[in-house]
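# Observations on the model geometry
Here is what each chain is made of, one letter per residue.
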Amino acid sequence: MRACVKTAMGKTEMLDLPVPKAGPGEIVIKTAMCTVCGSDMHWLDDTPNEVLAVLAPGSLTPQGFPMGHEGVGTVHEVGPGVTRVQVGDRVIPSCLVGCGRCPECLHGDFSVCTGGGRILFGCQAEYFVVPYADVNVAKVPPEVSDENAILATDIMSTGFGAIDRAELKSGDSVAIFAQGPLGLCATAGARARGAGLIITVESIPERIEMSKRLGANIVINPKEKDPVSEIMNLTDMQGVDVTVEAVGTQATFDGATRAVRRGGTVSSVGVYGPVPQISMFTMTPAFYHRRIVTTLCPSGHDRMTHMLNLLRWGSVDLGPLFTHRMRLADTPKAYDLFRSKQGGVLKIAITP
Ligand SMILES: [Zn+2]
Ligand SMILES: [Zn+2]
């Protein structure tokens, strides 16, 4: 089968790999659609293969690391012991797979599993394996499109998770720093959860438009205005109830910590990648009394089912995030496009 493999730092190639077999507890999915995500860029550009081998044991092939952690498709093979899905079911897998048995998984925190869970890999191929399938796979209702379903595996769950874990209440004000695909999902999540005022911070014109479409009341362009001063002006110098950091830089984290009201919540979901440490501005009253919460993609069957329920019944349509379509053979070009942020690119629907 054809598969996109990281053969060197920053470089992917389409190679022929054997179709994987389903071991105990595993399934093999025949890919209907996959996509490129910001985390893929970190795996490709910043993360040595030795580190990927730790994050995803068993992943490395002689040629390199099989890319892709966001996919949707039909069950092709069911391994021994899997009881909840059958061959032919249309399913999505969590991008972070938990074992289902360790203390973290039993607590519902599948994404920080310590019992053998790992990042999913190899979705940018004709077939890929999902371990602990009974824990990490959800069936997709026929009403939900591939585009919407695939977002429930990662960035929708993460973006909505930023809002859920901030415990945003009806009518709360929120400021979301950065409107890439993840930040846009946080904006949609804030709107779905009943936020009052939604302020977003973004400079790319197409992303500004999409931010308004998905629920932002006001978009601040940081190239034109200082976001923190502007947020203070918009809230009678109080700050917002919730801020969300959605890209993973010191500047946006700093903005999020300074624009929240006293007693409010800073919710960080950006992936800081190679940034080894972030610092906090302490010379502000809000520093001494507020919550800071971080969230790594809430995962597992139940979480994805909740996301699918929103997509099916909740009038949430994230399909517009798919700005480009490509064939699997062109996946290396999809990486170049996604990295460039040119042409209004947000999500790229890649089909075999
Ligand atoms: Zn992702
Ligand atoms: Zn676990």
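Let me begin by describing the structure that accompanies this report.

Conventions adopted
Residues numbered from 1 in each chain as written. Chains lettered and ligands numbered in written order. Predicted model: local features only at pLDDT ≥ 70, side-chain atom pairs only at ≥ 80, totals over all residues. Heavy atoms only, no water. Donors = N, O, S within 2.8 Å, 3.2 Å for Na, K, Ca; no water. Buried < 20%, exposed > 50% of the residue type's maximum accessible area, 1.4 Å probe, protein only. Helix = DSSP H or I, 4+ residues; strand = E, 2+ residues; numbered from the N terminus. Pairing = 2+ DSSP bridges. Right-handed = clockwise from strand over helix to strand, strands pointing away. Contact = heavy atoms within 4.5 Å. Axes fitted to C-alpha atoms, helices over the stretch in contact; angles between N-to-C directions. Phe/Tyr/Trp six-rings, centres within 6.5 Å; stacked < 30°, edge-to-face > 60°. Tetrahedral: all angles 85-135°; square planar, octahedral: opposite > 155°, others 65-115°.

A few words now on the coordination of the zinc ion (ligand 1). In this structure, Cys37 (SG), His69 (NE2), Glu70 (OE) and Asp154 (OD) serve as the protein donors to the zinc ion (ligand 1), at separations of 1.8 to 2.2 Å. Of note, the donors binding the zinc ion (ligand 1) are all from one chain and are spaced C-x31-H-E-x83-D.

Looking along a regular strand, one sees the side chains alternate between the two faces of the sheet. Strand 18 (residues 347-351) sits mainly inside the fold: four of its five residues count as buried. Both strand 17 (residues 322-327) and strand 18 contribute to a ladder of five bridges, which runs parallel. Residue pairing across strands places Phe322 opposite Lys347, the latter belonging to strand 18. Running through helix 12 (residues 331-340), the crossover from strand 17 to the neighbouring parallel element strand 18 is right-handed.

Turning our attention to the pairing of strand 14 (residues 240-245). In terms of burial, strand 14 is a largely internal element, six of the six residues being buried. Pairing analysis gives four bridges linking strand 11 (residues 174-177) to strand 14, with the strands arranged parallel. Bridge pairing in strand 14 places Ala175 opposite Thr243. The sheet contact formed by strand 14 and strand 15 (residues 260-268) spans five bridges and is parallel. By the bridge assignment for strand 15, Val240 is matched with Val260. Handedness of the β-α-β unit built from strand 14, helix 10 (residues 250-259) and strand 15 comes out right-handed.

Strands pair in a sheet through their backbones, by hydrogen bonds, and they do so in one of two ways: parallel or antiparallel. Taken in spatial order, the three strands make up an open sheet running 2-1-4, and their pairing is antiparallel. The strands lining the two open edges of the sheet, one partner per strand, are strand 2 (11-16) and strand 4 (65-66). As paired elements, strand 1 (residues 2-8) and strand 4 share two bridges and run antiparallel to each other. Bridge pairing in strand 4 links Val5 to Pro66. Across the sheet, helix 12 is in contact with strand 1 and strand 2; its angle to strand 2 comes to roughly 160 degrees.

This brings us to the packing of aromatic side chains. Going through the model one piece at a time under the given rule, you end up with three aromatic pairs. Judged by centre distance (6.0 Å) and plane angle (40 degrees), the ring pair of Phe65 and Phe121 falls under tilted. A residue pair is termed long-range when its members are at least 10 positions apart, and Phe65 in strand 4 and Phe121 in the loop between strand 8 (118-119) and strand 9 (127-130) qualify at 56 residues. Residues Phe65 and Phe121 agree in their burial class; the two are buried. Centroid distance Phe253 to Tyr272: 6.4 Å. Interplanar angle 80 degrees. Geometry classified as edge-to-face. A residue pair is termed long-range when its members are at least 10 positions apart, and Phe253 in helix 10 and Tyr272 in the loop between strand 15 and strand 16 (291-294) qualify at 19 residues. In this pair, the class of Phe253 matches that of Tyr272, namely buried.

We now examine the coordination of the zinc ion (ligand 2). Surrounding the zinc ion (ligand 2) are the protein donor atoms Cys99 (SG), Cys102 (SG), Cys105 (SG) and Cys113 (SG), which sit 2.3 to 2.5 Å from the metal. Coordination at the zinc ion (ligand 2) is tetrahedral, judged from the four donor atoms that bind it and the angles of 101 to 119 degrees they form at the metal. In primary sequence terms, the donor set of the zinc ion (ligand 2) follows C-x2-C-x2-C-x7-C. A relative accessible area of 5% means that Cys99 is categorised as buried. Residue Cys105 is classed as buried on the basis of its relative accessible area, which comes to 3%.

This part covers unusual backbone geometry. The residue Met237 is not glycine, and still its phi comes out positive at about 65 degrees. Checked against the element boundaries, Met237 lands in the loop between helix 9 (227-234) and strand 14. A positive phi angle, close to 60 degrees, is found at Ser315, a residue other than glycine. Inspection of the secondary structure puts Ser315 in the loop between helix 11 (301-313) and strand 17. Judged by its relative accessible area of 74%, Ser315 falls in the exposed class.

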